[in-house]
Amino acid sequence: MRRLLVYSMVAIGLAASGCASVVEMTDEAEIEVHAMLLNENCDVLQPILDGLEVPEEGLAVFWTGQAGFAIKTHSGSLVLIDPHLSFSMRRATYFYEQPILDPAVVTPDLVFCTHDHIDHTDPDTLVPLAEHSPETVFVGPPESASHMKRLGIAEERIVEMLIGDSKQWAEIDVRTVYADCTDTRFTTHLGYIITVGSITLYHTGDTSRFIERYREKLEPIRGLRPDVMLVPVNKGYNNPGLETAIELTRIAEPRIVVPMHIECVHENTVDPQPFLDAVQKMSGTESIRLKNGQGALLRRD
Ligand SMILES: [Zn+2]
């Protein structure tokens, strides 16, 4: 019998307000999940990240827009995935007037890029971030790593990863898995499985909607049962769209899934509601609908 797992979430703003429970479920009577929202009001994220104390066996996961997330650990490490904290998609119309984090202020320990597209390996984010935060290490597939070097980031700060690699930084374990190229020109796409203590997060990266052509490459995530899975539901540029996002969720069987890569630019967004409705019919998986800047604090007791 599996041990009882409990996620506790607390609502945290600048002044911690009451708890807003967004997920409460019992899975096969053995797993109980309570989820509450972080930064309910979508305030500027930096002071919230700075002030947040993540409990032991906990992990805070904030959406920073598009496919970007900020992850804070119990020991205070900060990880960014695909930070897009700029308006580098020049022809697009953004949902917001300011990115939720300032790349010239934030000091992550690690930055992971899933692939070399402008909203995932974003020059207008990476350059100010690298200049301001000299200790940050940048991780990505070969094309992202080359791009980082061309941007002037020192080679010793860049770590290249290929599909199937594993690496560890302090308490952060990282494994890369297959993501299918969404482009007509080949660019390595990665998914990241990040484990901190007993909590596992799976960021699928952008992966194509043509799941039949790569289904067998998804074996490493079949039944992975991550605590949280972050999946794009948009369909622009061959991204999964609702149907493939649902199928990926069925394959990975996460405890919690968060739809993303929406509500950044008006030209490439969808209503995630049909995805959330489909997840509701899945047993053992719940969804959390985040707004840009909101997060979730996972804790396993
Ligand atoms: Zn993308």
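What you see is a predicted model; the values in this text were computed from it and never measured.

A separate point is the overall build of the protein chain. In terms of regular secondary structure, the protein chain is built from 5 helices and 17 strands. Within the protein chain, counting contacts between residues at least 6 apart in sequence, those at least 24 apart form 66% of the total.

Both strand β10 (residues 166-169) and strand β11 (residues 172-179) contribute to a ladder of 4 bridges, which runs antiparallel. Note that in β11 the partner of Ser166 across the bridge is Arg175. Here β10 folds back onto β11 in antiparallel fashion, the turn holding 2 residues, of which Ala170 has a positive phi close to 45°.

Position of Ala70 among the secondary structure elements: in strand β5 (residues 68-73). With 25 C-beta atoms packed within 10 Å, Ala70 lands in the buried category. Remark: the alpha-carbon pair of Ala70 and Gly295, spanning 225 residues in sequence, is separated by 8.8 Å. Setting aside anything within four residues of it in sequence, one finds Ala70 in contact with Leu45, Leu49, Phe62, Thr64, Leu78, Leu80 and Leu101.

Turning our attention to the environment of Val196. If you trace the backbone, Val196 turns up in strand β12 (residues 189-196). Look past the residues within four positions of Val196 in its chain and what remains in contact with it is Leu59, Thr73, Glu171 and Ile172.

Every buried residue of helix α3 (residues 142-150) is accounted for by Ser144, Ala145, His147 and Met148. Seen along its axis, α3 keeps its buried residues to an arc of 160°; they face one direction. Buried-residue contacts for α3 involve α2 (123-132), β8 (137-140) and β9 (158-160). Remark: Gly152 follows α3 within two positions and exhibits a positive phi of approximately 100°.

Calculation notes
- Residues numbered from 1 in each chain as written.
- Predicted model: local features only at pLDDT ≥ 70, side-chain atom pairs only at ≥ 80, totals over all residues.
- Helix = DSSP H or I, 4+ residues; strand = E, 2+ residues; numbered from the N terminus.
- Contact = placed C-beta atoms within 7 Å.
- Pairing = 2+ DSSP bridges.
- Buried ≥ 20, exposed ≤ 12 C-beta atoms within 10 Å, placed from the backbone.
- Arc of directions from axis to C-beta.

Purely geometric stuff here, so don't read any function into it on its own.
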